[in-house]
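The residues making up each chain are set out below.
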Amino acid sequence: MNVLFRALRKTVNSRFYRHISVSMIRRTQIKKVLCVAEKNDAAKGIAEIMSNGRSRRREGCSVYNKIYEYEYNLFGQNVTVNMTSVSGHLLALEFKAPFQKWHSCSPVLLFDAEVEKYCPENFIPIKRTLEREVRQCQALIVWTDCDREGENIGFEIIDVCKAVKPNIQVFRARFSEITPNSIRRACETLTEPDINVSDAVDVRQELDLRIGASFTRFQTLRLQKIFPESLSDQLISYGSCQFPTLGFVVERFKAIQAFIPETFFKIKVVHEPNEEESVEFNWKRHRLFNHTACLVLYQMCMEEPMAKVISVTSKPKSKWRPLPLDTVELEKLASRKLRISAKETMKIAEKLYTQGFISYPRTETNMFPQNLNLTRLVEQQTQDQEWGNFAQRILESGGPTPRNGNKSDQAHPPIHPTKYTNGLQGNEKRLYEFIVRHFLACCSKDAQGQEVTVEIDIAEERFSASGLTIIARNYLEVYPYDKWYNKVIPSYSPNTTFQPTAIEMVEGQTSPPQLLTEADLISLMEKHGIGTDATHAEHIETIKSRMYVGLTADQRFLPGELGMGLVEGYNSMGYEMSKPDLRAELEADLKLVSEGRKNKASVLSYHVAKYKAVFIESVRKAKKLDEALSNYLGPAQEIAEQEQVEL
Amino acid sequence: MSVGEVQVIQAWLRSEWHIQVPPAWLDACVNWIKEEVDRASIPQSQLNQRVLEQWLLTDLRDLAHPVLPERISEAQKTVLSNRCCVQMDSLLDVSQPAYNQLQRIRGTDCSNDQVSAVTQETQRPWEAKPTRMLMLQLTDGVQNLEGMEYRPIPALNANLPPGTKLQLVGPIAVRLGVLLLKAENIKVLGGEVEQLLEIHSQSRVLCGTLGLPEETHPQQEP
Ligand SMILES: [Mg+2]
């Protein structure tokens, strides 16, 4: 773009963007600017800030996407701004007409069939608004969310606008929160949209379409015929994220099934020096899986039961305050502590963000940027009835001292409150409160305690007990989601002896791992690089809605018969389709595309070829799928050779 | 072969190694060695060494030559005071579940099993890593008994082959027929018994403990 010069400046998040030359722009006579946000709420919030609440609202062609009009000083001059929005992606990717019908072609052809982007019926009014509005504007500013999908949506907007006005000047606003400072800074530091990031989304979309459609058609058509009684009306979808996600659930279930419990034995020592006090000492050997061995040692203890105090050590112990919140932690904590599912959490967080209450909730960053004014953010919370005093004390005792992690996505800060409110209800209120408390806890101090450990010797066997005295609860006062308890034990002096109240040999059993919780599943997806922090919740939702998995009463994932059969079937083919490796490699390549370190076309063709090979092999070994499923769904229906070939 | 020669070997085994063998076995062994080398005379020191090697590879059950005090495996509480040599048929770490050990051997242990969203409370070091306790199945060829790793014995490990010969160095406390072994009570002499390698392999021992048929993979169990 000829209006740009190449002076680089470090942005808030140390990502480098090209900045716009004010003097160059002046010559192009910008009078009217079209701004497009990702959602109507965001457009409204941004307009309200930019116009100081004095924008004029107009209708667009879509009833859900209003137009907000106001004056603003941009590029060093007063311009008229028309702020409107899309509703997420404006365009969709689909096969060209000849390939769209399920029976139109052999599914394998879908790896090479031509695809095109088109505007779905219900988005056409939005598209028309953009086309109409852009004609009167000299510049377009993209205000979509600053993440991969947002960048791609931005290019969809740009394409639509350029089709009717090819010479329109295009800028990208970068922001992490819908607050006056952040919006003003974004206006002052407009950049270019990032085609690499958008390319990565294009690659992902196209692969998801090809892989998803080919496998879904193949397995649905085949299995409906083979198991007409149970599956005749069922869509048996396949997705390259969905299946590894399902795979984790099945893997855990099988680990539980295969588990063999074992009996162990241990020696327990109890001391009650007086009526009030009681302490249990733990055996240093922990436990033994052999009855005789434990009995031998137990007998020795019983023969010389006098306990001798070997050492009494006291050392400070702290419980760490939480790290700044990233998306995955938010999802996990909300699921565990608030019992709000990841999907629901992200929906609410999105809403809180567009209303300006919290910063952008899709972030991998768990360290606060240097220049973020934490003091101001803490100050905002001092007015609250419940945590206001705590916020005040942070300010009075030296200000915020955040604990920091070491992850940064170079784009967004950790999730934090950006505005105070007490006007929320239900889960919105609970999630906002959680984010505020987490933020204040992070800015506070670790809880401090003193731990006393007593080590004793009975017949040359060692036992120990620990007590804890909490000295300062610090962050725990504002963070009820963590628990820490005092544990009082009697006081002992080294080299003294005492008679234990009881020495017992007790037995127990090993237990299998538990079924996965949603939080566990997110941890596994993150560990294996399945999906991104932005999409974990969706993949989990998909395997639920396809009935591949169900939830137990205590909200743990249990594979269903169809889910089990599919994973076993694909596993028995030798291709680890339900294992994370294939998808993880793809995910890593997408990252490289978004960083401009790998080329879009080559990544696309590489992964298309790879999945196509897997597909062909799967079709060849399709009988294995039938076999695995017939364990759950009853005998397989024979199908004719000819049909086999077609499938 | 002279009578003197065999007696010299017998004395050497006893004084150097505390190994006792029946004379008939020693005769046969020396004869066999001499046939093997196909030479009339072989230096005494070499002969001693060859005999020792043969003994290390022999299943002591074939010698049927008891060296442990009678009925020691039934003793409630006693002490083994002298030195003697025994054969270790197998060993098992009883400080951790056999299931985990079997999965590790088979390479089917899955790190995903440990993944949990909950940050674990910091475990005490000794809880996280319990001290190993090996249980040894021992025999002098006639009497079987167990030995437990009462205190850590660095010379032992789970990879010692079945049939390894050990020298027991008294005094060793014995309770409920189990030797309470410390590092100073054991010298590993080496050796193995070929016929035992398979049947007492670690995976067989672990399967036996778990009541699993050896060949079946636990993952495929219904
Ligand atoms: Mg978005």
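Figured I'd write up the structure that's included with this text. The residue numbers shown here count from 1 along each chain, following its written sequence. As they are written, the chains are lettered A onward and the ligands numbered 1 onward, keeping that order. A pLDDT threshold of at least 70 governs which residues receive local features in this predicted model, and a stricter bar of 80 or more applies before side-chain atom pairs are shown or counted, although totals over entire chains, interfaces and linings include all residues. To obtain the side-chain values, all non-hydrogen atoms of the structure were included, while hydrogens and water were left out.

A separate point is the overall build of chain B. Secondary structure assignment for chain B yields eight helices and eight strands. Taking the contacts inside chain B whose residues are at least 6 apart along the sequence as the reference set, 75% of them involve residues at least 24 apart. Taken as a whole, chain B presents about 11100 Å² of accessible surface, with 49% of it coming from carbon and sulfur. Runs of E in the DSSP output that reach at least two residues are strands. Runs of H or I that reach at least four are helices, and both are numbered from the N terminus. Note on contacts: a residue pair qualifies if any of its non-hydrogen atoms lie within 4.5 Å across the two residues. Methods summary: accessible areas were calculated by the Shrake-Rupley approach with a probe of 1.4 Å, and residue burial reflects only the protein chains presented.

This brings us to the coordination of the magnesium ion. Residues and elements named next belong to chain A. Distances up to 2.8 Å from the metal define which N, O and S atoms are donors, and 3.2 Å serves for Na, K and Ca; water is absent from the atom set, so sites may look incomplete. Protein-derived coordination of the magnesium ion comes from Glu38 (OE) and Asp145 (OD), at a distance range of 2.3 to 2.5 Å. Pair noted here: glutamate 38 is in the loop between strand S3 (32-37) and helix H2 (40-50) and aspartate 145 is in the loop between strand S9 (139-143) and helix H4 (148-164), with a separation of 107 residues, a long-range link. The pair glutamate 38 / aspartate 145 is uniform in exposure class, with both members buried. Here the term buried applies to any residue with accessible area under 20% of the maximum for its type, exposed to any over 50%, and partly exposed to those in between, with areas from a 1.4 Å probe on protein chains only.

Strands in a sheet are paired, the pairing made by backbone hydrogen bonds, and the direction either parallel or antiparallel. Residue and element names in this part refer to chain A. When DSSP finds at least two bridges between two strands, those strands are taken to pair. Spatially, S4-S5-S6-S3-S9-S10 is the arrangement adopted by the six strands of the open sheet, whose pairing is mixed. Strands at the two margins of the open sheet, each flanked by one partner only, are strand S4 (56-58) and strand S10 (169-172). If you compare each strand with its neighbour and ignore which way they point, the axes differ by 30° on average. Direction of pairing for strand S5 (residues 67-74) relative to strand S6 (residues 77-85): antiparallel, over a ladder of seven bridges. Looking at the pairing, asparagine 73 lines up with asparagine 78 of S6. In this fold H2 packs onto S3, S5, S6 and S9, with an angle of close to 40° to the strand it touches most, S5. For helices, the axis comes from a line fit to the C-alpha atoms of the stretch in contact; other axes are also lines fit to C-alpha atoms, and the angle between any two N-to-C directions lies between 0 and 180 degrees. Sheet contacts for H4: S3, S9 and S10; angle to S9, the most-contacted strand, approximately 160°.

Residues and elements named next belong to chain B. Whether a set of points on the 1 Å grid over the protein atoms alone is a cavity depends on a 1.4 Å probe fitting there but being unable to get out, while an open set qualifies as a pocket with protein on both sides within 12 Å along at least five of seven lines; lining residues are those with an atom within 4 Å of a point. Grid points are joined across faces, edges and corners, and a volume is the space filled by probe spheres set on the points. Considering all chains together, one arrives at one cavity of 30 Å³ or more under this definition. One number sums up the size of the largest cavity: a volume of about 70 Å³. Every residue along the wall of the largest cavity is listed here: His18, Ile19, Gln20, Trp55, Leu60, Leu63, His65, Val67, Cys85 and Asp140. Side-chain classes are defined by residue name, with Ala, Val, Leu, Ile, Met, Phe, Trp, Tyr, Cys and Pro counting as nonpolar, Asp, Glu, Lys and Arg as charged, and the others, Gly among them, as polar. Grouping the constituent residues of the lining of the largest cavity by class yields six nonpolar, three polar and one charged.

On to the pattern of salt bridges. All names here are of chain A. The term salt bridge refers to a side-chain nitrogen of Lys or Arg lying within 4 Å of a carboxyl oxygen of Asp or Glu. Applying the stated rule across the entire model yields 56 salt bridges over all chains. Salt-bridge contacts for glutamate 526 lead to lysine 407; the nearest nitrogen and oxygen are separated by 3.8 Å. Taken as a pair, glutamate 526 in helix H15 (residues 518-528) and lysine 407 in the loop between helix H13 (388-396) and helix H14 (426-443) lie far apart in primary sequence, 119 residues in all. Among the residues examined, glutamate 526 registers a relative accessible area of 36% and is labelled partly exposed. Assessed through its relative accessible area of 34%, lysine 407 is described here as partly exposed. In this structure, aspartate 554 engages arginine 556 in a salt bridge whose closest nitrogen and oxygen atoms are separated by 3.5 Å. Residue classification places aspartate 554 among the partly exposed residues on the basis of a relative accessible area of 45%. We classify arginine 556 as buried; its relative accessible area is 15%. Through salt bridges with shared partners, a single network forms among Arg56, Arg58, Glu69, Glu71, Arg132 and Glu133.

It is common to report an interface's size as the accessible area lost on association of the parts. Counting residues at the interface gives 43 residues for chain A and 36 residues for chain B. Approximately 3400 Å² of surface area, both sides summed, lies buried where chain A meets chain B, with 54% of it carried by carbon and sulfur atoms. Across the salt bridge formed by Glu461(A) and Arg151(B), the nearest N and O atoms sit 3.9 Å from each other. We define a polar contact as two N or O atoms separated by no more than 3.5 Å, with the added condition that, inside protein, one atom must be a possible hydrogen donor and the other a possible acceptor, whereas residues neighbouring each other in sequence contribute only through side-chain atom pairs. Summed over the shared surface of chain A and chain B, the result is eight residue pairs in polar contact (both at pLDDT 80 or more). Buried area counts how much accessible surface, traced with a 1.4 Å probe, disappears from two parts once they are put together, with both parts' losses summed.

On to the environment of Val205(B), then. All names here are of chain B. With respect to the helices and strands, valine 205 occurs in helix H8 (residues 202-210). A relative accessible area of 15% places valine 205 in the buried class. When the C-alpha atoms of valine 205 and arginine 132 are compared, they prove to be 17 Å apart, with 73 residues separating the residues in sequence. Leave out the neighbours within four places in its chain, and valine 205 touches Ser90, Leu91, Leu92 and His200.

In this section: the packing of helix H6 (residues 195-226) of chain A against helix H20 (residues 622-633) of chain A. For any two helices packed against each other, one specifies the inter-axial angle together with the distance between the axes. Residue and element names in this part refer to chain A. At a closest axis distance of 11 Å, the pairing of H6 and H20 adopts a crossing angle of 55°. Taken as axis vectors, H6 and H20 run oblique relative to one another. In this structure, H6 meets H20 at a crossing whose hand is right-handed. Here Phe218, Gln219, Arg222, Leu223 and Ile226 of H6 lie close against H20, whose contacting residues are Ala622, Lys623, Leu625, Asp626 and Leu629. Here roughly perpendicular refers to angles of 65 to 115 degrees, roughly parallel to angles under 35, roughly antiparallel to angles over 145, and oblique to all remaining angles. The hand of a helix crossing depends on one turn: near helix anticlockwise from the far one by less than a right angle means left-handed, and clockwise means right-handed.

Right, let's talk about the packing of aromatic side chains for a bit. Residue and element names in this part refer to chain A. For Phe, Tyr and Trp, where Trp contributes only its six-membered ring, two rings pair if their centres lie within 6.5 Å, and the inter-plane angle classes them as stacked under 30 degrees, edge-to-face over 60, or tilted in between. Taken as a whole and assessed by the stated rule, the structure comprises 24 aromatic pairs over all chains. With a centroid separation of 6.4 Å and an interplanar angle of 40°, the aromatic rings of phenylalanine 434 and tyrosine 479 are classed as tilted. Linking phenylalanine 434 in helix H14 with tyrosine 479 in the loop between strand S15 (461-472) and strand S16 (497-498), this pair joins segments that are 45 residues apart in sequence. Accessibility expressed as a relative area gives 2% for tyrosine 479, which makes it buried. An aromatic cluster is present here, built from Phe111, Phe215, Phe218, Tyr238, Phe243, Tyr548, Tyr570 and Phe615 joined pairwise through their rings.

This part covers helix H18 (residues 581-594) of chain A. Residues and elements named next belong to chain A. By definition here, a helix of n residues has an expected span of 1.5 Å times n minus one. For H18, built from 14 residues, the straight-helix expectation of 20 Å at 1.5 Å per residue is met to within 8% by its first-to-last C-alpha distance of 20 Å. Those residues of H18 that fall on the buried side of the exposure criterion are Leu582, Arg583, Leu586, Glu587, Asp589, Leu590, Val593 and Ser594. Down the axis of H18, the sector holding all buried residues measures 165°, keeping them to one side. Where H18 is buried, its residues meet H4, H6, helix H8 (242-258) and helix H19 (600-620). One or two positions beyond H18, positive phi appears at glycine 596, with a value near 75°. Throughout, the arc means the angular range of directions from the helix axis out to the C-beta atoms.

On to unusual backbone geometry. The residue after Gly170(B), namely Pro171(B), is reached through a cis peptide bond having omega 0°. Note on placement: Pro171(B) falls in the loop between strand S5 (164-169) and strand S6 (172-175). With a phi close to 40°, Asn474(A) is a non-glycine residue in the positive phi region. Relative to the assigned elements, Asn474(A) resides in the loop between S15 and S16. Even without a glycine there, the phi angle at His18(B) is positive, about 60°. Given the relative accessible area of 26%, His18(B) is considered partly exposed.

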